[in-house]
Amino acid sequence: GVGALEGDNIIKTRRGNMAQKISSQNIKSVQYYPIRMVLEIQFYGDSSVYRYMDVPEDIWYGMRNVPNVDMYFNTQIMTQYKHVCITKNKNKETCE
């Protein structure tokens, strides 16, 4: 299981994954899988989830500690890492 998100606390799941709800206008939550170096980001709106590959752990920690998460995401993650769109929205089969 993933484990619940609780405020701004990092939740470490049974498998060692880390999830955190962050303060952002666009990003609802993030989850980092350190063994696979995968960062999953869920966005507000249609709840699309994007999976970013080969993301170093320091990028995950950096995202948690910056004053402007959206700007950090746009400059340090969005265009820097290969990503795929997955979905947790049952009304859609793929992200747009």
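A few points on the structure.

Reading the values: the criteria
Residues numbered from 1 in each chain as written. Predicted model: local features only at pLDDT ≥ 70, side-chain atom pairs only at ≥ 80, totals over all residues. Heavy atoms only, no water. Buried < 20%, exposed > 50% of the residue type's maximum accessible area, 1.4 Å probe, protein only. Helix = DSSP H or I, 4+ residues; strand = E, 2+ residues; numbered from the N terminus. Pairing = 2+ DSSP bridges. Polar contact = N/O pair within 3.5 Å; in protein donor to acceptor, adjacent residues only side chain to side chain.

## Some remarks on the pairing of strand β4 (residues 38-43)
So, step 1. Most of β4 sits inside the fold, with six of its six residues counted as buried.
So, step 2. What you see with β4 is no split at all: Val38, Glu40 and Gln42 on one side and Leu39, Ile41 and Phe43 on the other are buried throughout.
So, step 3. When strand β3 (residues 27-33) meets β4, the two strands line up antiparallel, connected through six bridges. Considered in β4, the bridge of glutamine 31 is made with glutamate 40.
So, step 4. Linking β3 to β4, which pair antiparallel, is a turn of four residues; within it methionine 37 sits at a positive phi near 55°.
So, step 5. Bridging between β4 and strand β5 (residues 48-52) involves four bridges; their strand directions are antiparallel. Paired with glutamine 42 across the two strands is valine 49, which belongs to β5.

## Focus: the side chain of glutamate 40
So, step 1. By the element assignment, glutamate 40 lies in strand β4.
So, step 2. Since its relative accessible area comes to 5%, glutamate 40 is described here as buried.
So, step 3. Of the polar contacts made by the side chain of glutamate 40, one reaches the side chain of tyrosine 33; its length is 3.5 Å.
So, step 4. Within polar-contact distance, the side chain of glutamate 40 engages the side chain of arginine 51 at 2.6 Å.

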